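Descriptive structure summary
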Amino acid sequence: MYETAVIGSGPAGLNAALYLKRAGKDVIIIEKEYEGAGQITQSICVGNYLGFQDVSGAELGEYFRQHVFASGVPVLEDEVTGIIHKDIWQAVLASGKIIGAETLIYAAGAVPRELGIPGEKTYRGKGISYCAYCDGSLFRGKDTAVIGGGDTALDDALYLSGLCRKVYLIHRREEFRGNNAIVESLRKRKNVEFLLKTSVREVYGQGRLEGIFLDDGRKIRLNGLFVAIGSIPRSDMIKDYVQRDENGYVIAGEDGITVSPGLFVAGDVRTKKLRQVITAVSDGANAAASAIQYMKFCRKG
Ligand code: NAP
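Thresholds applied
Residues numbered from 1 in each chain as written. Predicted model: local features only at pLDDT ≥ 70, side-chain atom pairs only at ≥ 80, totals over all residues. Heavy atoms only, no water. Helix = DSSP H or I, 4+ residues; strand = E, 2+ residues; numbered from the N terminus. Buried < 20%, exposed > 50% of the residue type's maximum accessible area, 1.4 Å probe, protein only. Near = heavy atom within 4 Å. Polar contact = N/O pair within 3.5 Å; in protein donor to acceptor, adjacent residues only side chain to side chain. Areas by Shrake-Rupley, 256 points an atom, 1.4 Å probe, with all protein chains shown as cover. Nonpolar A, V, L, I, M, F, W, Y, C, P; charged D, E, K, R; others polar. Pairing = 2+ DSSP bridges. Right-handed = clockwise from strand over helix to strand, strands pointing away. Core = buried A, V, L, I, M, F, W, Y, C linked by side-chain atoms within 4.5 Å. Contact = heavy atoms within 4.5 Å. Phe/Tyr/Trp six-rings, centres within 6.5 Å; stacked < 30°, edge-to-face > 60°. Lys NZ or Arg CZ within 6 Å of the ring centre and 35° of its normal. Axes fitted to C-alpha atoms, helices over the stretch in contact; angles between N-to-C directions. Parallel < 35°, antiparallel > 145°, perpendicular 65-115°, else oblique. Left-handed = near helix turned anticlockwise from the far one by under 90°.

**Focus: the environment of Lys97**
Within the fold, Lys97 resides in the loop between β5 (89-93) and β6 (98-106). By relative accessible area, Lys97 is classed as partly exposed at 44%. Sequence separation between Lys97 and Val80 is 17 residues; the distance between their C-alpha atoms is 9.5 Å.

This is how it looks when you write it as structure tokens:
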């Protein structure tokens, strides 16, 4: 049995594990595929992580990973399929193993939101992608579109504009939620066209995506469509042990404390205003501090 099991190896989970290890705790990270550092690996340029002026998400994630590795935290690569609380917290794994821990820090992050329009599922992986950084190079010299008005969409459009012949940025409003400096640099790119106050109604193709219909009736021929409209928290696994808001985020303050003693949440899965790398890292530290506090004062026996 461990003192703490950390579920998820994004910035929140990694930093929580680092803090626990440095406090002398017996901690383990459980991660389905421990190859990056969560969603940040998909960010082309993390321009707002203090101390790193120009670093990609993948590079920053690698620094995080190396730091945690060097501290000696064990990582178990396995999928958590269930969480049970009896006397202790138990993570049930796809391999059949069960990992027991006195405290659990749940930092499983979020998954990309789908548009929910006709054709989306059919052409997923056949022209429709949810990760420009992963799939962008498949569309070199081709025509693509990005949907969304947040930092991810802007980031994606900027990246694709360096690869693709044409990039449409499609957003349902005129104002962007994301960084204005990136909006301005996109406006200067000759191969980027903004399509604002409009949405994609339907996608079409034959075997592969060939284009989209906008809700104003326009038809646009495309090779690739990148959906960047936010994310959905991976909170179902702990739903019986926490309170969630209407979007599924676990209700918790920055201390990560949930309604279940010994269970803490950190990172994008919890209710918060700003979901960025820096706030995820901060969450990890705070959740670790809460777990340490809990083990000090609330330990049974
Ligand atoms: P987000 O900020 O929630 O933005 C989602 C965007 O998608 C919004 O513009 C929203 O439109 C639009 N949208 C939502 N549902 C839609 C639908 N059904 N159809 C059409 N459009 C829809 O998500 P995000 O861009 O993934 O960013 C998530 C968090 O990560 C943010 O805090 C962001 O700052 C952070 N992030 C940071 C960086 C960086 O620091 N470099 C990079 C990426 C992400 P409305 O605006 O109209 O609601």
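**Points about the site of the ligand**
Close to the ligand lie 18 residues; Asp151, Thr152, Arg173, Arg177 and Gln276 are nearest. Interatomic distance of 3.4 Å between a backbone N/O atom of Gly150 and an oxygen atom of the ligand. Here an oxygen atom of the ligand sits 2.7 Å away from a polar atom, N or O, in the side chain of Gln276. Burial of the ligand by the protein amounts to 77% of the accessible area it has alone, namely 920 Å². Tallied by class, residues from the shell around the ligand come to four nonpolar, nine polar and five charged.

**Some remarks on the pairing of strand β11 (residues 192-196)**
Strand direction decides the pairing type here: strand β10 (residues 166-171) and β11, joined by five bridges, are parallel. Of the residues in β11, the one forming a bridge with Tyr168 is Glu193. The β-α-β motif built from β10, the intervening helix α5 (residues 180-188) and the parallel element β11 has right-handed crossover chirality.

**Concerning the nonpolar core**
Counting residues in hydrophobic clusters, the biggest one holds 27 residues, and the most contacted among them are Val6, Leu20, Ile29, Phe64 and Ile105. For this core, the elements supplying multiple residues, two or more each, are α1 (11-22), β2 (27-31), α2 (57-71) and α6 (277-297). Sort the elements by how many residues they give to this core and α6 lands first, with eight residues. Residues Ala5, Ile28, Ile83 and Tyr106 belong to the second largest nonpolar core, which totals 22 residues.

**Structural notes on the side chain of Asn15**
Structurally, Asn15 is set in helix α1. Not counting residues within four places of it along the chain, the set of residues in contact with Asn15 comprises Val281, Gly284 and Ala285.

**Thoughts on the packing of aromatic side chains**
Evaluation of the coordinates by the stated rule reveals eight aromatic pairs. Here the aromatic rings of Tyr49 and Phe52 are separated by 5.9 Å at their centres, their planes lie at 50°, and the arrangement is tilted. Classification of Tyr49 as buried rests on a relative accessible area of 13%. Taken together through their ring pairs, the aromatic side chains of Tyr49, Phe52, Tyr63 and Phe64 make up a single cluster. Lys219 extends its terminal NZ or CZ atom over the ring of Tyr204, reaching a point 5.0 Å from the ring centre.

**Focus: the packing of α1 against α2**
Running from amino to carboxyl end, α1 crosses α2 at an angle of 25°, the nearest separation of the two axes being 10 Å. Taken together, the axis directions place α1 and α2 in an arrangement best described as roughly parallel. The handedness of the crossing between α1 and α2 comes out as left-handed. Between α1 and α2, the contacting residues are Pro11, Leu14, Leu18 and Lys21 on the first element and Phe64, Arg65, His67, Val68 and Ser71 on the second. Along the lines of polarity and charge, the residues of the contact of α1 with α2 split into five nonpolar, two polar and two charged.

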